[in-house]
Amino acid sequence: TLKRAYAEIVVAEYAERYGDKVSGYWFDQGLYADMARLHDVVRLYNDKAVLAFNKGQAVPLTNNNGPYEDFTFGYPHTDLLRYPASDCVNYGAITSIESSSLGGYFYKDGVGSLGHLWMPSSSDWASGSIVWIVGQAQEWQSRMMNAGGAWTWSVKLGTGSDVSLIDVDDVSFLKDVYEGLRSGPPYVYRCGVSTSSPTLSVLPSYSPSVSALPSVTLLPSQSQVPSFSPSDSSKLAWWMSGNHGLSFRLPGGLNYLSAYFDVSAFVGQFKDELHKYGVKWMIVNLSSPSSGDRYLSPHSVLTSLNRGSTPKHVPAGEWSGHGAIVDSLVDRDLFGEIVTELNSMSVKVIAYLASEGPAMLASHERRAYDYNMRSEYVDSCVLCPSLVGESAPFCACAPSVWQWKEHVRNVYGVDDDATLKRAYAEIVVAEYAERYGDKVSGYWFDQGLYADMARLHDVVRLYNDKAVLAFNKGQAVPLTNNNGPYEDFTFGYPHTDLLRYPASDCVNYGAITSIESSSLGGYFYKDGVGSLGHLWMPSSSDWASGSIVWIVGQAQEWQSRMMNAGGAWTWSVKLGTGSDVSLIDVDDVSFLKDVYEGLRSGPPYVYRCGVSTSSPTVSVKPSAQPSNSLYPSSSIFPSYIPSIIPSISFIPSLSNLPSLLPSAYPSVSV
């Protein structure tokens, strides 16, 4: 009765008070808990709360408490005096999640418990000295997380006037650990434990002998270090691993949307509707989509050459036709406004840029915004004869392109393609990279065939040595590391013919199976350098318009599997129309919420694609005359019809649940 009263009087009042403000409950002294009643009381007031009970085996990790626990309690050996948290007696927790879990989960009677470790930094839970070598702490935490598990550090508070602060030694230790978390090999801090390392219980009769605790060298000899040694750049995208982000599209230059886009309304909607689901980053275009002639932030050169190439503040009611008198308008840093707001919410920003630059190397000047234009802010009929020559067709040029080339000639002496690529990196990108520094965490360069990748890489890293880069160049599906030392994450496009093959089509399924079968902790290695597997998927039939093309269950599963394998996922969503043009479209918000609510961390998976082992490699830049193999018939890549996707209940009967054996989850090869 005392256990029941504790649940129904004490815990119930707190659970009701805090509701969904508290996301989980960790109950100590599990032998004295009415687990069933505590579980029901907590879930009454927050049906998504996660629970753990300190009862049962600690190391190796396992699911001790079946339907009542959602994650393992995660204690190390309780005798911290003899066996500090860093001792090899606890190494079995790491190896068990790597070898015995399914996507980080331990199953019992069809119920999964996420593997979780709760480790003190010091010789006791809230006092003492740091007991970890930083490299060992980085590795154990990395391996736990890369296997799909979770890690919690217990730190001590300061003393005296600093009693309300985390102890300075702990802060320093954690910063060192976090800075160096890595998402793949090499692993060097091995413990010499056998496969029969002891089972530890938190209330144990266990009293290990000295012989059970092997002597180990935490700094191994060179011969013990694996020969595989990726460069430091392989670790930079660690914050994307197992996480997800969003993107949306805005036009650059002077236009109605860039003048009146309401950043506060956009961020407010995101904060209220989607931020709570753990969105870690946004890809925000710094240039116009697929166009290097317009930008969303002022630039000392481009804005002076042609003021219509960057946004302006246009007073309400003064917009008419193509725009107001541009010389009277104040420059607007729309990109910077968005970056500031997102950074304030701890959401990282990845800048999208079209590598063709103002020379329009990929698109040709005919696609430039000022080609053959007569408006209040540019008149090609007046400018073209002097820029191109009297022999040029009347008005048939883009002044912005020719003015940029003229500027490049004045700086470098020539304006050949190689020099134009260099100038784009050293003049355009360098100014933005310097301005935003570490406020921008990454750069996604479109049109990679027209990029000087080495120079862009060096320019970006000059101003932010931790920025991650991706280049749209090479094979898209299956995922691979296309660009060696220059990329930190894959560009992640689906098949580019979205009309024939929407993002949800099975032609893209190889991206999912490739990260599950071919990556190391989510990374694809080339010449010792790792690129994190990343998918950038439109929710709709086009990147910024159209109707939703996904079944929610399929979207949940593909995103879950990508993230569980250590990869990253970005949704591209469309904006609304009319008065809602500064907001994410309501259909996309509803779709994303449905997907996020149901993301799962392990089997059962049900949305299979009937692709053969010879599914094609999809490249984003196919040849001008692609072979039929790039555009397979529907018989090879079936759409989601009932014969392919079985009719199922999302809460299957127990007879439908596979037994929890590795053989029950066959690997799927594309």
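It should be noted that the structure appears before, not after, this text.
Everything numeric in this text was worked out from a predicted model, so none of it was measured.

## Re the sheet that holds strand β17 (residues 468–471)
Consideration 1: Spatially, the 7 strands line up as an open sheet ordered β17-β16-β15-β10-β9-β22-β21, and their pairing is parallel. Looking at the sheet topology across the chains shown, the edges are occupied by β17 and β21 (534–538). Put simply, the sheet's adjacent strands are angled 20° from each other on average, direction ignored.
Consideration 2: Bridging between strand β10 (residues 279–285) and strand β15 (residues 348–354) involves 5 bridges; their strand directions are parallel. Its bridge partner being in β15, Met 282 is matched across the sheet by Val 349.

## Considerations on the packing of helix α7 (residues 263–273) against helix α9 (residues 334–344)
Consideration 1: At their nearest, the axes of α7 and α9 sit 10 Å apart, and the two run at 30° to each other. The orientation of α7 with respect to α9, classified from their angle, is roughly parallel. Handedness of the α7/α9 crossing: right-handed. Residues Val 263, Val 267 and Phe 270 of α7 lie in contact with α9, whose contacting residues are Leu 334, Glu 337, Ile 338, Glu 341 and Leu 342.

## A short note on the packing of aromatic side chains
For any pair of aromatic rings, the description consists of the separation of the ring centres together with the inter-plane angle of the planes.
Consideration 1: Under the criterion given, the structure shown has 40 aromatic pairs.
Consideration 2: Look at Tyr 75 and Trp 125: their rings are 4.8 Å apart centre to centre, the planes differ by 35°, and that puts the pair in the tilted class. On the criterion of sequence distance, the pair formed by Tyr 75 in the loop between β3 (57–59) and α3 (91–100) and Trp 125 in the loop between β6 (116–120) and α4 (134–146) is long-range, its members being 50 residues apart.
Consideration 3: For Tyr 75, a relative accessible area of 13% corresponds to the buried category.

## As for the environment of Gly 308
Consideration 1: One can find Gly 308 in the loop between α8 (302–305) and β13 (312–313).
Consideration 2: Note on Gly 308: relative accessible area 2%, which makes it buried.
Consideration 3: A C-alpha to C-alpha distance of 7.6 Å links Gly 308 and Val 378, two positions 70 residues apart in sequence.
Consideration 4: Setting aside chain neighbours within four positions, we find Gly 308 in contact with Gly 253, Leu 254, Val 326, Tyr 369 and Tyr 377.

Thresholds applied
Residues numbered from 1 in each chain as written. Predicted model: local features only at pLDDT ≥ 70, side-chain atom pairs only at ≥ 80, totals over all residues. Heavy atoms only, no water. Pairing = 2+ DSSP bridges. Helix = DSSP H or I, 4+ residues; strand = E, 2+ residues; numbered from the N terminus. Axes fitted to C-alpha atoms, helices over the stretch in contact; angles between N-to-C directions. Parallel < 35°, antiparallel > 145°, perpendicular 65-115°, else oblique. Left-handed = near helix turned anticlockwise from the far one by under 90°. Contact = heavy atoms within 4.5 Å. Phe/Tyr/Trp six-rings, centres within 6.5 Å; stacked < 30°, edge-to-face > 60°. Buried < 20%, exposed > 50% of the residue type's maximum accessible area, 1.4 Å probe, protein only.

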